[in-house]
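Overview (structure and organization)
What follows is the residue order along each chain.
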Amino acid sequence: MIGEMQSNLITIPEEEEEQELQKKLEEIKKGWILKPKEMKRRRSSHLALKRCFWAIVLASVIIALPIIIVKNWPQPQNNPPPPDQYKVALTKALQFFDAQMSGRLPTSKNISWRQDSGLKDGFKYGKGQLIGGYYDAGNNMKISFPMAFSMTMLSWSTIEYGHKYRAVEEYDHIRDIIRWGTDYLLLTFDSSATTIDHIVSQVGEADDLRCWQRPEDMAYSRPVHRAYEAADLAGEVAAALASASIVFIDDKNYSQKLMKGATALFEFARDHSKGQSDSKMNEVTAQMYKSSGFYDEFLWAASWMFYASGNCSYLTIATNPDKHAFLSTPESRALSWDNKLPGARLLLTRLRIFLGPGYPYEAMLKEYHHMNDLNMCAFLKRFNFYNFTGGGLIQMNHRGFQYLQYAANAAFIASVYVDYMKAAGMPGWFCGGGYIVADDVKKFATSQVDYILGANPMNMSYVVGFGEKHPKQVHHRGFSIPDDGYHYSCTGGYQWRDSPKSNPNIIVGAMVGGPDGFDEFYDMRKYYKYTEPSLAGNAGLVAALISLTASGGNLVDKNTMFTVIPPFSPSSPQPPPPWKP
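Attention in this report is confined to the structure presented alongside it.

Cut-off values and rules
Residues numbered from 1 in each chain as written. Predicted model: local features only at pLDDT ≥ 70, side-chain atom pairs only at ≥ 80, totals over all residues. Heavy atoms only, no water. Helix = DSSP H or I, 4+ residues; strand = E, 2+ residues; numbered from the N terminus. Buried < 20%, exposed > 50% of the residue type's maximum accessible area, 1.4 Å probe, protein only. Contact = heavy atoms within 4.5 Å. Areas by Shrake-Rupley, 256 points an atom, 1.4 Å probe, with all protein chains shown as cover. Pairing = 2+ DSSP bridges. Salt bridge = Lys/Arg side-chain N within 4 Å of Asp/Glu carboxyl O. Expected span 1.5 Å × (residues − 1). Patch = residues over 30% accessible without salt bridge, like charges linked within 9 Å, V, L, I, M, F, W, Y side chains within 5 Å.

When its secondary structure is counted, the chain shows 20 helices and seven strands. For the chain, the proportion of its 581 residues judged to be buried stands at 52%. Sequence separation of 24 or more characterises 74% of the internal contacts of the chain that already satisfy a separation of 6 or more. Approximately 27,700 Å² of the chain is accessible, and the part contributed by carbon and sulfur atoms is 56%.

As structure tokens, this is what we get:
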């Protein structure tokens, strides 16, 4: 650059050249000195502008970002929450009843390994053939006593929680299940008559136990057993039909048909007040379902007959003092297929809580209420009334097995009673001088169902098809024999009974017998006490699950049970007799 300037100055005269050179040098010096400062100022100004720009941009982002996020974040829709584990388990537990169906199966049931069966049941019996109903457990027998109890429990749960069944889209399904059972029970006696002299107690016997065959392959004789004095059986079937008549109150003709049959059965039970064990009506049935007496079924049936008919004569029967009503042993407090006292007391306590009919029923209803409170307290560990396994399972069956069905029944009545109390605005009650918070009893119910669903030392769900780990060798003929088109004889099926392999079919929703008193479970087909499911067991499980699911809300239906109950007018006690000196 300097070389270029010197070459340009050669042509200028000397003096002028000197002056011009000095001038140029001064300008160059000024340029050297001043230009960097001006450039620095310009750069500083430019940098400030840049900083200001980016500050504005950053501020805009900070302000706009939350607005953008809020506007674009998925907004909550009015959709139901994801299903809880009780809803999922309930849907599966109901499928067990579909798998247990006997007779001509409806086309809506899509269990691939089940087809029509038992189509000759009762063909020697006469006009009313005994086609339909449910197989009792892992055998192929149809036993009226536990079947009727199962239908009563399912009906009770539907009356209390119909809104929940609707919420989980199982309302039509549960009604179909109940009707399949009650349609069959109507065939077990002359339901067109007002007076009957017998009732069918069982279809099938020894061959069903000796043979290991799918029900579709049965070719052996299936005798029909009848009872002529069994008040307990008649009372239970009456309860089943009466409770179902409330479920089907929207179907007037069918509801009336059920009530007509229930009325005839109740009269039969009252006229033949001999227990199943006393009359020895059926030694085969008694081997598996030996009734301990008839009073509990009689009280249970009278309670349901009152609710279904509105006839206070049944309430008078139910509130007639009897020493059996005040039994308070561990056995008498355990609701089961054999003992309905806890259920009957709770039904009558419901009446007192919501309607309070007063005199002349109040005194006995108050006693039932008190005994029901004691029942609930007995479920809590702090009272040491029942033993619990180390894993938390209540032990209510002193026969030493099948604990789960007793725990499920206890969970249901505990849960529904708490719902009664909350609906009435009562947060708890007194037991033994101490106050019990209702939520503690609800927690008991939840703990028992959670144990069944997998919260146990085995980390196993005892409901087939629920959870990652569940029983694979269920003691069940139809479950264990493949549907491969081959007809296996009675003894030919033993190869499947004795196989160490998992069952080829899945009987979804079946609750097995469960663990022993030490929380140990043996998933082996031959150990039926551990691995056999039953109608009565699953009915209690379904009732407990529907009471605990959050679907449909946490309220009980107070009104459906009272649909046909007339208003109670206040009445005064009988006046004392005239005074005599």
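Before going further, it helps to spend a moment on the pairing of strand 6 (residues 428-431). Relative to strand 7 (residues 434-437), strand 6 runs antiparallel, the two sharing four bridges. Bridge pairing in strand 7 links Gly 428 to Val 437.

This part covers the sheet that holds strand 3 (residues 224-227). In space, the three strands of this open sheet follow the order 1-2-3, with antiparallel pairing throughout. Taken across any chain shown, the strands that pair with only one partner, and hence form the sheet edges, are strand 1 (142-143) and strand 3.

As a further point, take the pattern of salt bridges. Oppositely charged side chains may form a pair once their charged atoms are brought near each other. Here the structure, examined in full by the defined rule, presents 18 salt bridges. Residues Arg 214 and Asp 483 are paired through a salt bridge, measuring 3.6 Å at the closest nitrogen-oxygen approach. Taken as a pair, Arg 214 in the loop between helix 6 (206-210) and strand 3 and Asp 483 in the loop between helix 17 (477-480) and helix 18 (494-497) lie far apart in primary sequence, 269 residues in all. With relative accessibility at 37%, the residue Asp 483 sits in the partly exposed group. A salt bridge links Asp 439 to Lys 422; its shortest N-O distance comes to 2.9 Å. With Asp 439 in helix 16 (residues 438-453) and Lys 422 in helix 15 (residues 403-423), the pair connects residues that are 17 residues apart, well separated along the chain.

This part takes up helix 14 (residues 362-378). With 17 residues, helix 14 should reach 24 Å at 1.5 Å per residue; the first-to-last C-alpha distance of 24 Å fits that figure. Turning to helix 14, its buried residues number three or more, namely Met 364, Leu 365, Tyr 368, His 369, Met 371, Asn 372, Asp 373, Asn 375, Met 376, Cys 377 and Ala 378.

The subject of this paragraph is a nonpolar patch on the surface. Judged by side-chain polarity, Phe 430, Tyr 435 and Val 437 come together as a nonpolar surface patch covering roughly 310 Å² of accessible area. Inspection of the secondary structure puts Phe 430 in strand 6. Note on Phe 430: relative accessible area 60%, which makes it exposed.

Purely geometric stuff here, so don't read any function into it on its own.
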